[in-house]
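# Fold and contact review
Residue-level listing of the chains:
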Amino acid sequence: MKKSANGNIYDVAAREIGELYAEHLSGAPLPLVCVVSGSPLSPPARNALESSAASLGFGDNSCAFVVVEGADASLDANSLLSIVEGLDPLRLVAADASAAHLLSEAYRSPVPLDKPSRLMGRDAVAFTSFEAQLETSQNKQVAWALLKKLSRL
C-alpha cells in the first residue's frame, strides 16, 4: 500500500485496517457509522441500518460493517478495538448481544443492551438482536427509536 504524506491521516489508518481485517469488514471504507455484529447481517438488516444512517444525516453508504465471526478466525477484543479506532467512526452500533459484549470487553466499559451509551466519546446503541427487531412493525419502530438516540450529523 502506498502511503502519501499528502493524504488524509484518517484515510491511511482506515485503509490499513481494511487490509488487515478484510475478512471481517465490508461497507464504507471511511465510515461515519460502524456496525458490529457477531455474525453477518442479512441484506434487509444491512439495508435498514444504511437507510437509518442516511435518515440521520450521515448520507448514503456511510456504514462499515464489522463481523466478529470470520471463516478462518473470530475477532478478539483487542482486534475489535483496533478496527473501531482505526476506522474512527462518529457513531457505533452493536447489532446483537455478542457484539455488545465484545465491545464492552474491548473498551472496558459497559455497553447496555437496547439502550444508548457512549464509548470513547462516540454515541453508541446496542441491540439484543437487530435482526429480530425487523420481524414486526412494532419492533421496527422500537429499533428506529433507539437508532434515533444516535445524535444527528
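Here's what I pulled together on the structure shown here. (Residues numbered from 1 in each chain as written. Predicted model: local features only at pLDDT ≥ 70, side-chain atom pairs only at ≥ 80, totals over all residues. Heavy atoms only, no water.)

## Thoughts on the packing of helix α1 (residues 9-20) against helix α3 (residues 77-87)
- One way to put it is that α1 packs onto α3 with a least axis distance of 8 Å and a crossing angle of 145°. α1 and α3 meet at a crossing whose hand is left-handed. Taking contact as the criterion, the partners of Ala-13, Ala-14 and Ile-17 in α1 are, on α3, Ser-82, Ile-83, Gly-86 and Leu-87. (Axes fitted to C-alpha atoms, helices over the stretch in contact; angles between N-to-C directions. Helix = DSSP H or I, 4+ residues; strand = E, 2+ residues; numbered from the N terminus. Left-handed = near helix turned anticlockwise from the far one by under 90°. Contact = heavy atoms within 4.5 Å.)

## Focus on the sheet that holds strand β2 (residues 33-37)
- Strands sit in the order β1-β3-β2-β4-β6-β5 across an open sheet of six strands; the sheet is mixed. Among the strands making up the open sheet, the edge pair consists of β1 (25-27) and β5 (115-119). Strand-to-strand twist of the sheet, defined as the mean angle between neighbouring strand axes without regard to direction, takes the value 25°.
- As paired elements, β2 and strand β4 (residues 91-94) share four bridges and run parallel to each other. Pairing of Cys-34 across the sheet is with Leu-92, part of β4.
- In the packing of helix α2 (residues 43-55) onto the sheet, the strands contacted are β1, β2, β3 (63-67) and β4, and the crossing angle to β3 comes to about 145°. (Pairing = 2+ DSSP bridges.)

## Focus: unusual backbone geometry
- Positive phi, normally seen in glycine, also occurs at Asn-61, with a value near 50°.
- Within the secondary structure, Asn-61 sits in the loop between α2 and β3.
- Despite not being glycine, Asp-114 has its phi angle at roughly 60°, a positive value.
- Checked against the element boundaries, Asp-114 lands in the loop between α4 (97-107) and β5.

## Here's the deal with the pairing of β5
- Here β5 pairs with strand β6 (residues 122-126) via five bridges, running antiparallel. For Lys-115, the partnering residue across the bridge sits in β6 and is Ala-126.
- Hairpin connection, β5 to β6: the antiparallel pair is bridged by two residues, and Met-120 has positive phi, about 50°.

## Considering the environment of Phe-58
- As for its position among the elements, Phe-58 is in the loop between α2 and β3.
- Taking the C-alpha atoms as reference, Phe-58 lies 9.2 Å from Pro-31; in sequence the two are 27 residues apart.
- Beyond its immediate chain neighbours, meaning those up to four positions away, Phe-58 contacts Leu-32, Val-33, Ala-53, Leu-90, Arg-91, Ser-151 and Leu-153.

## Looking at the side chain of Ser-104
- Along the chain, Ser-104 falls in helix α4.
- Assessed through its relative accessible area of 19%, Ser-104 is described here as buried.
- Apart from residues no more than four positions distant in its own chain, Ser-104 is found in contact with Ser-109, Pro-110 and Val-111. (Buried < 20%, exposed > 50% of the residue type's maximum accessible area, 1.4 Å probe, protein only.)

## Re the pattern of salt bridges
- Considering all chains together, one arrives at five salt bridges under this definition.
- Of the charged contacts, one joins Arg-122 and Glu-85 as a salt bridge, the two residues approaching to 2.8 Å between their closest N and O atoms. Here Arg-122 is found in strand β6, whereas its partner Glu-85 is found in helix α3, with 37 residues between them in sequence.
- Overall, Arg-122 belongs to the buried group, its relative accessible area being 5%.
- Given a relative accessible area of 32%, Glu-85 falls into the partly exposed group.
- In this structure, Arg-122 and Asp-88 form a salt bridge, with 2.9 Å as the shortest nitrogen-oxygen distance. Linking Arg-122 in strand β6 with Asp-88 in the loop between α3 and β4, this pair joins segments that are 34 residues apart in sequence.
- In the salt-bridge network here, residues are joined through shared partners; they are Glu-85, Asp-88 and Arg-122. (Salt bridge = Lys/Arg side-chain N within 4 Å of Asp/Glu carboxyl O.)

Read these as geometric descriptors, not functional statements.
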